[in-house]
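Here is what each chain is made of, one letter per residue.
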Amino acid sequence: MSLPDGRTADTLSPPQARPRLGVVFTVIAAGVAMANLDVFIVNVALPDIGHQFSGTSLASLSWVLNAYAVVFAALLVPAGNFADRVNPRIAYLSGIVLFTLSSVLCALAPGIWFLVGARVLQAVGAAMLIPSSLGLLLATAPPEKRLASVRGWTAISGVASALGPVLGGLLTDLSWHWVFLVNVPIGVAALLGGLRVLPRVPSRDLPRADVLGAGVLTVAIASVALGLVKGDDWGWASARFIGALVLGALLLVWFVVRSARHRSPVLPLPLFKFRAFSPASFTNVLFAVAFAAMLLSTVLWCQDVWHWSAVKTGLAIFPGTLLPPALAMSIGPVIHRFGSGVVAFAGCVVFGAGIAWWLTRLEPGTGYAAGMLPGMLLTGIGVGLTLPTLISAGVSGLPPQSFSTGSGVITMARQAGTVLGISLLVATMGASGATARQGAFDRGWEMTLGATAAAALACFFLGSVGKTPRRTEAGEGA
């Protein structure tokens with residue numbers, strides 16, 4: 001929860017008023033995990049959803065993922081503002097209710113576009129609960145435990161990511177509807193627990209968030225994504241394709257100009273004056289393109305080329321998703337020694353090596369151990385080195401009162417990159433549904449490799465952020 005007037009979380013919740021940190025963290029973890037689980041679970045279920053709604057193209061299916069990411073990206077900062085103005089407790093509990101109810105709507109969807117609409121509601125709920133959960137955590141944790149609590153909060157998404165593919169495979173094997181229904185007991189438990197233990201943080205008198213700006217950003221990203229996923233059908237030189245990209249670009253310019261003038265913008269431009277924030281945000285976008293494309297291509301390969309079940313697909317992805325949380329919790333000393341730029345660059349190189357392995361070694365007749373597993377492990381290591389490094393680099397130079405807002409902007413950048421990654425993969429592979437062709441996957445991995453290379457180059461602008469100067473170490477040792 002951002003505190004632009006300089007107050008700390010202690011001001012909001014004095015020590016004697018704080019409930020037990022462990023109990024509050026558990027309730028918060030349930031909601032945050034639920035929101036993050038839906039990314040990986042739905043990826044694994046996507047082919048089954050396509051089979052349920054026969055005749056649905058890959059371009060249309062991509063909106064099941066993109067609708068969630070677009071709306072979540074656009075509303076994350078306004079939702080944080082709402083939590084500050086109204087009450088983080090109310091915002092979090094409202095987000096849980098909306099996310100849970102919309103999950104039921106997703107499971108009951110009679111068609112693909114009803115499902116996409118329900119996913120939009122899910123994203124609104126997720127955007128409400130994510131920033132408010134951090135505000136509640138900061139208000140509960142005493143100063144000496146605050147950094148550790150934030151690291152634990154950050155690690156929740158990593159743990160959810162690791163469990164997502166396997167859980168998604170198991171649930172999809174029963175029915176894809178269960179990947180959404182699983183949220184119901186979690187949401188009910190988080191709601192009941194939250195009503196009892198979440199702290200009552202005072203609301204604050206802040207200007208209202210730029211809701212129109214959030215709408216402009218949503219339409220801008222969606223327009224670019226629409227042009228990319230429909231380009232194969234419309235024609236890459238068609239007026240509709242060019243018009244969608246031009247409209248998206250013009251709206252993005254309008255959005256930036258509006259953010260510069262609004263009292264409470266979706267994108268707080270002054271944050272980009274701080275060292276490393278701009279390069280970290282930009283690199284996050286590029287790496288998210290590669291990561292999203294990698295994950296979706298893996299699911300499509302397992303189920304469309306090898307004709308594996310959802311369970312087997314989840315187990316195939318699991319080794320790669322297991323590595324990032326472990327690396328995220330232990331990467332700190334490496335960053336202090338070499339700097340964020342070097343560590344993130346190394347992560348991009350390792351990630352790119354995994355994609356290159358698939359591009360050169362993976363064929364329909366290749367076994368999992370010799371074909372997919374090495375690339376899965378390499379990409380997992382790359383994600384573990386790169387993502388937490390970029391996040392810490394982006395927020396490390398911000399003042400304390402801007403930490404939550406800065407984290408929200410970086411998350412927004414990553415979600416925007418996710419939309420672009422999925423859309424570019426669909427565009428390069430072809431949206432007609434003929435994904436079983438080796439050439440289609442090769443084109444997708446070439447695009448993914450290009451995005452990874454761009455992210456690696458962008459890492460050089462991070463420089464030595466996070467690196468501990470030798471003279472400081474010597475002085476402390478003395």
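Quick caveat, the model's predicted, so the values are computed rather than measured.

Student: Mind laying out a nonpolar patch on the surface, listing which residues take part and the relevant values?
Tutor: Together, L105, F114 and L121 give the surface a local cluster of nonpolar side chains, amounting to about 230 Å² of exposed area. Turning to its location among the elements, F114 is positioned in helix 5 (residues 112-140).

Student: How would you summarise the side chain of Q303 if you had to cite specific residues and measurements?
Tutor: Residue position: Q303 is located in helix 11 (residues 277-305). Judged by relative accessible area, Q303 falls into the buried class, the value being 8%. Only 3.0 Å separates the side chain of Q303 from the backbone oxygen of V44, close enough to count as a polar contact. Not counting chain neighbours up to four residues away, the residues in contact with Q303 comprise V44, P47, D48, W308, A310 and T313.

Student: Break down the packing of helix 11 against helix 14 (residues 340-361) for me, with residues and values.
Tutor: Closest axis-to-axis distance for the helix 11/helix 14 pair is 12 Å, and the angle between their directions is 30°. Once helix 11 is placed against helix 14, the crossing between them reads as left-handed. Together, F287, A290, F291, M294 and T298 of helix 11 and C348, F351, I355 and W358 of helix 14 make up the contact between the two elements. For the contact of helix 11 with helix 14, a count of residues per class yields eight nonpolar, one polar and no charged.

Student: Now, about helix 9 (residues 211-234): what can you tell me, with residues and values included?
Tutor: An ideal rise of 1.5 Å per residue puts 34 Å on 24 residues; helix 9 measures up with 32 Å between its terminal C-alpha atoms. Where helix 9 bends most, the angle comes to about 35°, and this point is L228. Trailing helix 9 by a residue or two, G235 shows a phi angle of about 105°, which is positive.

Student: With reference to specific residues and values, describe the pattern of salt bridges.
Tutor: Within the structure shown, the criterion is met by three salt bridges. Put simply, R119 and D38 hold a salt bridge, and the shortest N to O gap is 3.4 Å. Residue R119 is found in helix 5, and its partner D38 is found in helix 2 (residues 21-52); the two are separated by 81 residues along the sequence. Using a relative accessible area of 0% as the deciding quantity, one classes D38 as buried. The salt bridge partner of D210 is R258, with a shortest N-O separation of 2.8 Å. Of the two residues, D210 is situated in the loop between helix 8 (183-197) and helix 9 and R258 in helix 10 (residues 239-261); the sequence distance between them amounts to 48 residues. Using a relative accessible area of 2% as the deciding quantity, one classes D210 as buried. The partly exposed category is assigned to R258, whose relative accessible area is 24%.

Student: Please provide a residue-by-residue account of the environment of D84, values included.
Tutor: Positionally, D84 belongs in helix 3 (residues 58-86). Take D84: its relative accessible area is 1%, and that puts it in the buried class.

Student: A description of the packing of aromatic side chains should follow, citing residues and the corresponding values.
Tutor: For the coordinates displayed, the defined rule picks out 14 aromatic pairs. Seen in terms of ring centroids, W301 and F441 are 5.0 Å apart; in terms of plane orientation they differ by 85°. Their pairing is edge-to-face. In this pair, W301 is assigned in helix 11 and F441 in helix 17 (residues 438-458), connecting sequence segments 140 residues apart. Both residues of the pair, W301 and F441, belong to the buried class. The interplanar angle of 50° and the centroid separation of 6.0 Å between the aromatic rings of W308 and Y368 together place this pair among those described as tilted. A residue pair is termed long-range when its members are at least 10 positions apart, and W308 in the loop between helix 11 and helix 12 (310-328) and Y368 in helix 15 (residues 368-396) qualify at 60 residues.

Student: Break down helix 14 for me, with residues and values.
Tutor: Here helix 14 is 22 residues long and its end C-alpha atoms lie 31 Å apart, about the 32 Å a rise of 1.5 Å per residue gives. Residues S340, G341, V343, A344, G347, C348, F351, G352, G354, I355 and W358 constitute the buried set of helix 14. Buried residues along helix 14 sit in contact with helix 11, helix 13 (332-338), helix 15 and helix 17.

About the thresholds
Residues numbered from 1 in each chain as written. Predicted model: local features only at pLDDT ≥ 70, side-chain atom pairs only at ≥ 80, totals over all residues. Heavy atoms only, no water. Patch = residues over 30% accessible without salt bridge, like charges linked within 9 Å, V, L, I, M, F, W, Y side chains within 5 Å. Areas by Shrake-Rupley, 256 points an atom, 1.4 Å probe, with all protein chains shown as cover. Salt bridge = Lys/Arg side-chain N within 4 Å of Asp/Glu carboxyl O. Helix = DSSP H or I, 4+ residues; strand = E, 2+ residues; numbered from the N terminus. Buried < 20%, exposed > 50% of the residue type's maximum accessible area, 1.4 Å probe, protein only. Polar contact = N/O pair within 3.5 Å; in protein donor to acceptor, adjacent residues only side chain to side chain. Contact = heavy atoms within 4.5 Å. Axes fitted to C-alpha atoms, helices over the stretch in contact; angles between N-to-C directions. Left-handed = near helix turned anticlockwise from the far one by under 90°. Nonpolar A, V, L, I, M, F, W, Y, C, P; charged D, E, K, R; others polar. Expected span 1.5 Å × (residues − 1). Bend = angle between axes of the 7 residues up to and from the residue. Phe/Tyr/Trp six-rings, centres within 6.5 Å; stacked < 30°, edge-to-face > 60°.

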